[in-house]
Amino acid sequence: GGLGVGGSGVTVTTNRNSEFQAKATFEEGVTVHGGDAIRQTTTRGGDAVQVLHAGSEAVFKGGVFTPGAGCTVQVCGQPTSTGNSVQVLNGKATVMGGKFNGNFFCDQCDIEIHGCVELKNGKITGNLLDGSRIDVVYDGSENDVMIVYDDSV
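### Re the overall build of the protein chain
At step 1: Each helix and strand in the protein chain was counted, giving one helix and 12 strands.
At step 2: The order of helices and strands in the protein chain, counted from the N terminus, is β-β-β-β-β-α-β-β-β-β-β-β-β.
At step 3: Among the 153 residues that make up the protein chain, the fraction classed as buried is 46%.
At step 4: Sequence separation of 24 or more characterises 61% of the internal contacts of the protein chain that already satisfy a separation of 6 or more.
At step 5: Entry remark: accessible area of the protein chain is about 7800 Å², with carbon and sulfur atoms responsible for 46%.

Next comes the structure, spelled out in structure tokens:
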């Protein structure tokens, strides 16, 4: 998560000077939740999965990914935003399956999405390689997304 943010469910990160690259693979049966924003110093809900730094990669073959909820007016004095299902900062995500209950965020990253999907008007929609449906808002440069098209799903 970070200061003022509900905690991330899973962080995949490679140290900037490391010769070893971090990689995580998520498969069917895995459930990941980001932390909820629960106090005034929390600015938003946590991400379900965040991928940090060049060389880090998350591979999604299945599972359920739910971001943390933002804070309410009653608790924080003002509403705050929900986290992301997947946040990638300078890393890579490969999406072949899974259920994503929140947005994708990308900054200077690579995202591969496998299946019969399209990225249009800031949304990723269609069927992933494992047959699951994806319908998420995408926040990032469209140049960072590669669709690996497979019309068999």
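### Some words on the pattern of salt bridges
At step 1: In this structure the tally under the stated criterion is three salt bridges.
At step 2: In this structure, D47 and R44 form a salt bridge, with 3.1 Å as the shortest nitrogen-oxygen distance. In this pair, the class of D47 matches that of R44, namely buried.
At step 3: The closest approach of N and O atoms between K123 and D135, which form a salt bridge, is 2.8 Å. Here K123, found in strand β10 (residues 123-128), pairs with D135, found in strand β11 (residues 133-139); they are 12 residues apart in sequence, far enough to count as distant.
At step 4: On the basis of relative accessibility, which here comes to 34%, the residue K123 falls in the partly exposed class.
At step 5: A residue is classified by how much of its surface remains accessible, and D135, at 45% relative accessible area, is partly exposed.

Parameters at a glance
- Residues numbered from 1 in each chain as written.
- Predicted model: local features only at pLDDT ≥ 70, side-chain atom pairs only at ≥ 80, totals over all residues.
- Heavy atoms only, no water.
- Helix = DSSP H or I, 4+ residues; strand = E, 2+ residues; numbered from the N terminus.
- Buried < 20%, exposed > 50% of the residue type's maximum accessible area, 1.4 Å probe, protein only.
- Contact = heavy atoms within 4.5 Å.
- Areas by Shrake-Rupley, 256 points an atom, 1.4 Å probe, with all protein chains shown as cover.
- Salt bridge = Lys/Arg side-chain N within 4 Å of Asp/Glu carboxyl O.

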